[in-house]
Protein chains: 2
Amino acid sequence: MLGYQPNALARSLAGRPSHTLGLLWAESGSGPGDDGLSSFLAGLGEVLYTAGYTLALAGGVSPNELALRLDELLSRQVDGLILLAAAFPDDERLIRRLAEGACPLVVCGAAPEGIPAARVDINQAEGMQLATAHLLALGHRRLAYLDAPGEWPYRGRREGFLTAVRGSNPAPESILIATNGGESSGYQVGERLLRASHPPTAFVCANDALAIGLMRAAWSQGVAIPEEVAVVGFGDSPAAAYTVPALTTVRGSLRAVGADAGRVLVEAVATGEPAKGTYLTSPKLVIRESCGSHLWL
Amino acid sequence: MLGYQPNALARSLAGRPSHTLGLLWAESGSGPGDDGLSSFLAGLGEVLYTAGYTLALAGGVSPNELALRLDELLSRQVDGLILLAAAFPDDERLIRRLAEGACPLVVCGAAPEGIPAARVDINQAEGMQLATAHLLALGHRRLAYLDAPGEWPYRGRREGFLTAVRGSNPAPESILIATNGGESSGYQVGERLLRASHPPTAFVCANDALAIGLMRAAWSQGVAIPEEVAVVGFGDSPAAAYTVPALTTVRGSLRAVGADAGRVLVEAVATGEPAKGTYLTSPKLVIRESCGSHLWL
DNA sequence: GTGAAAGCGCTAACAT
DNA sequence: ATGTTAGCGCTTTCAC
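So, how was this worked out
- Residues numbered from 1 in each chain as written.
- Chains lettered and ligands numbered in written order.
- Predicted model: local features only at pLDDT ≥ 70, side-chain atom pairs only at ≥ 80, totals over all residues.
- Heavy atoms only, no water.
- Contact = heavy atoms within 4.5 Å.
- Buried area = accessible area lost by both parts, 1.4 Å probe.
- Salt bridge = Lys/Arg side-chain N within 4 Å of Asp/Glu carboxyl O.
- Helix = DSSP H or I, 4+ residues; strand = E, 2+ residues; numbered from the N terminus.
- Nonpolar A, V, L, I, M, F, W, Y, C, P; charged D, E, K, R; others polar.
- Pairing = 2+ DSSP bridges.
- Near = heavy atom within 4 Å.
- Polar contact = N/O pair within 3.5 Å; in protein donor to acceptor, adjacent residues only side chain to side chain.
- Least-squares fit on C-alpha atoms with pLDDT ≥ 70 in both.
- Buried < 20%, exposed > 50% of the residue type's maximum accessible area, 1.4 Å probe, protein only.
- Right-handed = clockwise from strand over helix to strand, strands pointing away.
- Domains from an automatic or database assignment.
- Axes fitted to C-alpha atoms, helices over the stretch in contact; angles between N-to-C directions.
- Parallel < 35°, antiparallel > 145°, perpendicular 65-115°, else oblique.
- Left-handed = near helix turned anticlockwise from the far one by under 90°.

Q: Can you help me understand the interface of chain B and chain A in this one?
A: Accessible area lost when the parts come together is the quantity often used to give the size of an interface. Across the boundary between the two partners, chain B contributes 44 residues, which contact 44 residues of chain A. Summing the contributions of chain B and of chain A, the shared interface buries around 3,800 Å²; its carbon and sulfur component is 57%. In this assembly, chain B and chain A are joined by 0 salt bridges. Of all the elements in the fold, those that place two or more residues in the side of chain B that touches chain A are α1 (8-13), β1 (20-26), α2 (37-50), β2 (54-60), α3 (63-75) and α8 (208-220) of chain B. In terms of residue class, the side of chain B that touches chain A is made up of 22 nonpolar, 13 polar and 9 charged. Alignment of strand β2 (residues 54-60) of chain A against β2 of chain B, held across 3 bridges, turns out to be antiparallel. Counterpart to L57 of chain A in the pairing with β2 of chain B is L55 of chain B.

Q: How should I be thinking about the protein's contact with DNA strand D in this particular structure?
A: Contacts to DNA strand D come from Y4, Q5, P6, N7, A10, R11, A14 and R16 of chain A together with L13 and A14 of chain B. Within 4 Å of the protein, the atoms of DNA strand D are drawn from sugar and phosphate moieties in a proportion of 85%. At 2.5 Å from a phosphate oxygen of DNA strand D is found a side-chain nitrogen or oxygen belonging to Y4 of chain A. Between R11 of chain A and DNA strand D, the recorded distance is 3.0 Å, taken from a side-chain N or O atom to a phosphate oxygen. Of the residues contributing to the surface near DNA strand D, the split by class is 6 nonpolar, 2 polar and 2 charged.

Q: Hey, could you run me through the pattern of salt bridges in this one?
A: Think of it this way: side chains of opposite charge can pair up when their charged atoms draw near. Enumeration over the complete set of coordinates arrives at 24 salt bridges over all chains. Through salt bridges with shared partners, one network takes in E151, R155 and E159 of chain A.

Q: Looking at this model, I keep getting lost on the relation of the copies chain B and chain A. Mind explaining?
A: A rotation about some axis, followed by a shift along it, carries one copy of the chain onto the other. Between chain B and chain A, the superposition needs a rotation of 180° and an axial shift of 0.0 Å, giving an RMSD of 0.0 Å. Each copy turns onto its partner about a two-fold axis.

Q: I keep staring at the protein's contact with DNA strand C and nothing clicks. Help me out?
A: Surveying the vicinity of DNA strand C reveals the residues L13 and A14 of chain A together with Y4, Q5, P6, N7, A10, R11, A14 and R16 of chain B. A14 of chain A places a polar main-chain atom, nitrogen or oxygen, 3.5 Å from a base oxygen of DNA strand C. Take A10 of chain B: an N or O atom from its main chain is 3.4 Å from a base nitrogen of DNA strand C.

Q: Looking at this model, I keep getting lost on the pairing of strand β3 (residues 80-85) of chain B. Mind explaining?
A: Residues in a regular strand point their side chains to alternate faces of the sheet. All names here are of chain B. Buried residues dominate β3, accounting for 6 of its 6 residues. Of the two faces of β3, the one holding G80, I82 and L84 and the one holding L81, L83 and A85 are both buried throughout. Pairing geometry for β3 and strand β4 (residues 105-109), over 5 bridges, is parallel. Residue pairing across strands places I82 opposite V106, the latter belonging to β4. Crossover connection from β3 via helix α4 (residues 92-101) to parallel β4: handedness right-handed.

Q: I'm lost on the domain arrangement of chain A in this one. Help?
A: Residue and element names in this part refer to chain A. Looking at chain A, the domain boundaries give domain 1 (8-122 + 253-282) and domain 2 (124-251 + 285-296). One C-alpha centre belongs to domain 1, the other to domain 2, and the line joining them spans 33 Å. If you look at the interface, domain 1 gives 8 residues, while domain 2 gives 5 residues. Overall, the association of domain 1 and domain 2 removes approximately 530 Å² of surface from exposure, summing both partners, and the carbon and sulfur fraction of that is 52%.

Q: Explanation requested: unusual backbone geometry in the structure shown.
A: P153 of chain A follows W152 of chain A through a cis peptide bond whose omega is 0°. One can find P153 of chain A in the loop between β6 (142-147) and α6 (154-166). The phi dihedral of H19 of chain B falls on the positive side, at around 55°, and the residue is not glycine. Note on placement: H19 of chain B falls in the loop between α1 and β1. Residue classification places H19 of chain B among the partly exposed positions, given a relative accessible area of 26%. Positioned with a positive phi, Q77 of chain B is a non-glycine residue whose angle comes to about 60°.

Q: Looking at this structure, how should I read the side chain of R288 of chain A?
A: Residue and element names in this part refer to chain A. Inspection of the secondary structure puts R288 in the segment after β12 (284-286). Overall, R288 belongs to the buried group, its relative accessible area being 18%. Of the polar contacts made by the side chain of R288, one reaches the backbone oxygen of L247; its length is 2.9 Å.

Q: Honestly, the sheet that holds strand β8 (residues 202-205) of chain B in this entry has me stumped. Any pointers?
A: Hydrogen bonds between backbone atoms are what pair the strands of a sheet, whose relative direction is either parallel or antiparallel. Residue and element names in this part refer to chain B. Read across the open sheet, the 4 strands follow the order β7-β6-β8-β9; overall the sheet is parallel. Each of the sheet's edge strands pairs with one partner strand only, and the pair in question is β7 (173-178) and β9 (230-232). Taken pair by pair, the neighbouring strands of this sheet meet at an average axis angle of 20°, ignoring direction. Across 6 bridges, the pairing between strand β6 (residues 142-147) and β7 is parallel. In the strand pairing of β7, A144 is matched with I175. Along the sheet face, helix α5 (residues 124-137) touches β6, β8 and β9 and points at about 175° away from the line of β8.

Q: I would appreciate a short explanation of the packing of helix α5 (residues 124-137) of chain A against α6 of chain A in the present structure.
A: Helix-helix packing is described using two parameters, namely the angle between the two axes and the distance between the axes. Residue and element names in this part refer to chain A. Two elements in contact, α5 and α6, have axes separated by 7 Å at closest approach and are oriented at 40°. As summarised for this structure, α5 and α6 are arranged oblique, according to the angle between their axes. Of the two elements, α5 crosses α6, and the hand of that crossing is right-handed. Of the residues in α6, those in contact with Q124, A125, M128, Q129, T132, A133 and L136 of α5 are G156, R157, G160, F161, T163, A164 and V165.

Q: How do you make sense of the sheet that holds strand β5 (residues 118-122) of chain A when you look at a structure like this?
A: Strands sit in the order β11(A)-β5(A)-β4(A)-β3(A)-β1(A)-β2(A)-β2(B)-β1(B)-β3(B)-β4(B)-β5(B)-β11(B) across an open sheet of 12 strands; the sheet is mixed. The open sheet has two edge strands with one neighbour each: β11 (278-281) of chain A together with β11 (278-281) of chain B. Within the sheet, the average angular offset between the axes of one strand and its neighbour, ignoring direction, is 20°. Sheet topology places β5 of chain A next to β11 of chain A; 4 bridges connect them, and they run parallel. Following the sheet pairing, D121 of chain A is matched in β11 of chain A by L280 of chain A.

Below is the structure:
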């Protein structure tokens, strides 16, 4: 008789690996902002499924929820675990459970301290370096960096900016400005800085929201972008293509991140070693209109 | 001794329900367009996890892949299944397996024919009716509807438009225009229709991309929106808030759809009955600038 | 080589 | 009430 399906549960019970990988998703709770998940899952799924694994997905917002979901995943005898988080709660008990869970771990995005895991991410620093270098190449010598709070992903971006600036000779003037990372914060900075006596000629923004806010401020003050001031964002949010002028920004492939995460984890499970190392995929600069390079011909 | 975790596999093997629900995701393969998944999963997860279920996620693009994933899910002894698809392949063998799978089924989005399942979706028709009624209330009497191909979700939207038009007295003039659903298609229609001798005064578009393309065409021909022509979209894509003028459009909550799907499935699993019925969540009209009602005061 | 038996961790149906 | 046992579907071991 054909069409027989072995019972995966029984198989796993009998000592075989479960061929299930857990994805623990720390929702940021910040609403619809955290999209890109479908790309991530598509990339992840592609490698997992061809490797014969199934994905168990669980998530939550609070440390308590996450701990519960983690236990459920573990009780499902997952062979490995992926942590996906824009901001992973720094809960000590949670982190301990994770470390004790004792299955290979890979973390994407925010990385909790003190657990043995591989890290996969897009290369935030490289992306911001690309963006900054673009501005520098266009001749800008007075740069403002609109920073955003939180370790991930902003620390890497900030460093990328800094290394680009430091690597430039002669050294350009640069100023770092702290913001809350939101559009309105970008607007406020623009309002203040654009009417300064000797304003920056280029703004590099830690994310697209800041850039969009800044552009709004420029518009409302009648300063022309990109003619008078250049701006770059980071993230290539869907809105970036529709702003006026269209925003030059950095795009990372979440799909690639998902695929990397899958590969690293599958490999670790296969060898029985804990996953380790850092795997960074290179983002690219998508050049639109907000820096003016499209006017060059 | 504390901290003991029962083995979920063994428990399920011993005859108990697996407390695992499968999510079979038919990726459209159309790239990053199909986002909103994170909202859906957040809504779904919220109800599943509090009900004590874990999610097994698997997906693919082709019918073959989907059939494979489905078998894996089934072999995991899932208690119920959710089908998530913008366009579910009409593969006969796949559909048969689904029907034979004999666990409660709920489908979100495109619904294959001939399987006993509950359907959950946003109320496409109601949304488009809302949008059309808005235009009608603003006094428009010559409407063009930019249709898009494919059964789901466009059939419902079209019907919503039609019932709004039919319900209006005196009946407005209306014309249905077939497009391919893309921005460029919207642009072409705009190019053609806007220079007609007696053009429509309002355009209702099956999705935001069409609306954006249409607005581009209007811009390039110097026709003013919303002063000369009004336009509404559907979907509230992230770009909609950033077009100039900002696009009035219909927004449905994917999060609510996910939550509904979870509720319906959990209920069906609990009662042991196959899931059935249709569950529609009401979208709302987000009024921005492209229809002109914001000018009214 | 093929075939029988033990056991994975748990639950259900028994027996005491 | 508590304790014991069979068995879920598979894999692995050990005997033939």
